[in-house]
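Structural features, examined
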Amino acid sequence: MRLSKRYGDFDALTDCTVRVHRGDIFGLLGPNGAGKTTLIRLLLGYLHPTGGQCRVLGVDPVADSVAVRQHVTYLPGDARLPRHMRGDGVLKFFAEMHPLGDLDRSREVAESLELNTKTRVAFMSTGMRQKLALSVVLGPQTPLLILDEPTANLDPTVRATVLRFVVEARDAGRTVMLSSHVLSEIEDTCNRVAFLRHGRLAHQLLMSDLFQRHRMTAITSDEPIDVPSSLTDQVSLHTHRTSSGNTRVQIDTAGDLGPILTWIDSLRLKNIRFEPFGLRTVYDAVHDGETFDCSDFDGNDAAIETAEVSS
Ligand SMILES: Nc1ncnc2c1ncn2[C@@H]1O[C@H](COP(=O)(O)OP(=O)(O)OP(=O)(O)O)[C@@H](O)[C@H]1O
């Protein structure tokens, strides 16, 4: 049994196995209600699993959630801040509370996000409150940073600044777990991605593998099209007869394009479109229930690990 969480008779997370390596920017994707926040809250010890266990920086959050939270900063999706305080007061309050709190750095982040910290929280817009929460969270230089939808409610310029902070954190040797519904952000920043669907791990991938995948669509009047045996591991072919009597061809590729292009060149194709596979294509396929590889990646340097309960 892997990490599971049941609310009453509802399975919010079932047999979930995730390993985040140190130095990763790990993307957590999934539709609304897929179980992303539940997983994050289990990692921080805010919730206790009903099955399995996890280790965060080597510590079991059920046994010692305080130790975990001393080394992790967490931006919740619905960050709540004291409404009666001004921005700067909030930054001071949290910097004093966290053992690795760094008020100067929090103020620098607020300035980069162009936040007026003199405003009272009650009078801030939703985006301003999000900037304030980010300034709190990006202050302490903890080894692990968990961000639940960090760019929600932010304009495109500020989003880009936030993502720069994420990459800087990774460059400084920290590990980041990032949950977002904005696929382009995950594509631009993460090196590994996990997809949750209905509380189960549906797919894990390395972005470097995804960047090697392409989808080509075209029209042909020739049939059948045969994939050479040397390419069957690299190519997946789908054909569909159109109402005009032609055949629409979709070729998904993986790995080195050289030999695939030579083969494609030998086919009599028209209207060829070639595009990177992209996270969106995978997301839609996972969402539609296609089954994918969920296997783990090599490495023993886990910052986050969920596992069976050892007896
Ligand atoms: N305290 C709770 N009691 C009962 N059900 C809950 C509770 N908290 C969450 N759930 C349910 O568990 C499921 C997973 O919720 P969760 O918040 O983890 O999803 P999520 O992937 O973070 O979604 P979103 O993208 O909308 O933030 C949902 O169906 C939700 O209704």
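Anyway, here's the lowdown on the structure attached to this text. Bear in mind that the values here come from a model prediction, so they are computed numbers and not experimental data.

**Some remarks on the overall build of the chain**
Scanning the chain from terminus to terminus reveals 10 helices and 15 strands. On the principal axes, the C-alpha backbone points of the chain span a range of 70 × 50 × 35 Å. Here the chain, with 311 residues, has 35% of them falling under the buried criterion. Once local pairs closer than 6 in sequence are excluded, the contacts in the chain between residues at least 24 apart make up 72%.

**Observations concerning unusual backbone geometry**
Even without being glycine, His198 reaches a positive phi, approximately 50 degrees. By C-beta crowding, His198 is classed as partly exposed, having 15 other C-beta atoms within 10 Å. For Asn271, which is not a glycine, the phi torsion comes out positive at approximately 50 degrees. Tracing the chain through its elements places Asn271 in strand E14 (residues 270–276).

**Focus: the site of the ligand**
Near the ligand the following residues occur: Tyr7, Phe10, Ala12, Gly30, Asn32, Gly33, Ala34, Gly35, Lys36, Thr37, Thr38 and Gly77. Sorting the residues of the shell around the ligand by element identifies strand E2 (10–16) and helix H1 (36–43) as the ones contributing at least two each. Here the residues of the shell around the ligand are counted per class, giving four nonpolar, seven polar and one charged.

**A few points about the packing of helix H3 (residues 87–97) against helix H5 (residues 126–137)**
At a closest axis distance of 9 Å, the pairing of H3 and H5 adopts a crossing angle of 30 degrees. By the angle class used here, H3 and H5 are roughly parallel. Where H3 crosses over H5, the two elements pack in a sense that is right-handed. Residues Gly87, Val90, Leu91 and Phe94 of H3 pack against Leu132, Ser135 and Val136 of H5. Of the residues assigned to the contact of H3 with H5, the class counts are five nonpolar, two polar and no charged.

**Focus: the nonpolar core**
Ile146, Val176, Leu178 and Ile304 are the most contacted members of the largest nonpolar core, which has 63 residues in total. With six residues, H5 is the largest single contributor of residues to this core. Lining this core are residues from two domains, each supplying at least three of them: domain 1 (2–207) and domain 2 (210–288). Residues in contact with Leu178, not counting those within four places in the same chain, are Ile25, Phe26, Gly27, Leu28, Leu147, Pro150, Val166, Ile186, Thr189 and Cys190.

**Quick word on the environment of Asp88**
Within the secondary structure layout, Asp88 lies in helix H3. Using a count of 19 C-beta atoms within 10 Å as the deciding quantity, one classes Asp88 as partly exposed. Sequence separation of Asp88 and Arg129 is 41 residues, and the distance between their C-alpha atoms is 12 Å. When neighbours within four sequence positions are excluded, Asp88 is seen to be in contact with Thr117 and Lys118.

**A word on the sheet that holds strand E9 (residues 192–197)**
The strand order E6-E7-E8-E4-E9-E10 describes an open sheet built from six strands, whose pairing is mixed. The open sheet is flanked by strand E6 (72–75) and strand E10 (200–206), the only strands paired with a single partner. Going across the sheet, the axis of each strand differs from the next one's by a mean of 15 degrees, ignoring polarity. In terms of strand pairing, strand E7 (residues 144–148) meets strand E8 (residues 175–179) through five bridges, oriented parallel. Paired with Leu147 across the bridge in E8 is Leu178. Packed on one face of the sheet, H1 meets strand E4 (25–29), E7, E8 and E9 and runs near 150 degrees to E7.

**Re the pairing of strand E11 (residues 214–220)**
Bridge count for E11 against strand E13 (residues 247–253) is seven bridges, and the pairing is antiparallel. If you follow Thr220 over to E13, its bridge partner there is Thr247. Bridge analysis of E11 against E14 gives five bridges, and the strand direction is antiparallel. The partner of Thr217 across the bridge, within E14, is Arg273.

Quick notes on the rules
- Residues numbered from 1 in each chain as written.
- Predicted model: local features only at pLDDT ≥ 70, side-chain atom pairs only at ≥ 80, totals over all residues.
- Helix = DSSP H or I, 4+ residues; strand = E, 2+ residues; numbered from the N terminus.
- Buried ≥ 20, exposed ≤ 12 C-beta atoms within 10 Å, placed from the backbone.
- Contact = placed C-beta atoms within 7 Å.
- Near = placed C-beta within 6 Å.
- Nonpolar A, V, L, I, M, F, W, Y, C, P; charged D, E, K, R; others polar.
- Axes fitted to C-alpha atoms, helices over the stretch in contact; angles between N-to-C directions.
- Parallel < 35°, antiparallel > 145°, perpendicular 65-115°, else oblique.
- Left-handed = near helix turned anticlockwise from the far one by under 90°.
- Core = buried A, V, L, I, M, F, W, Y, C linked by C-beta atoms within 7 Å.
- Domains from an automatic or database assignment.
- Pairing = 2+ DSSP bridges.

Geometry only, nothing functional implied.
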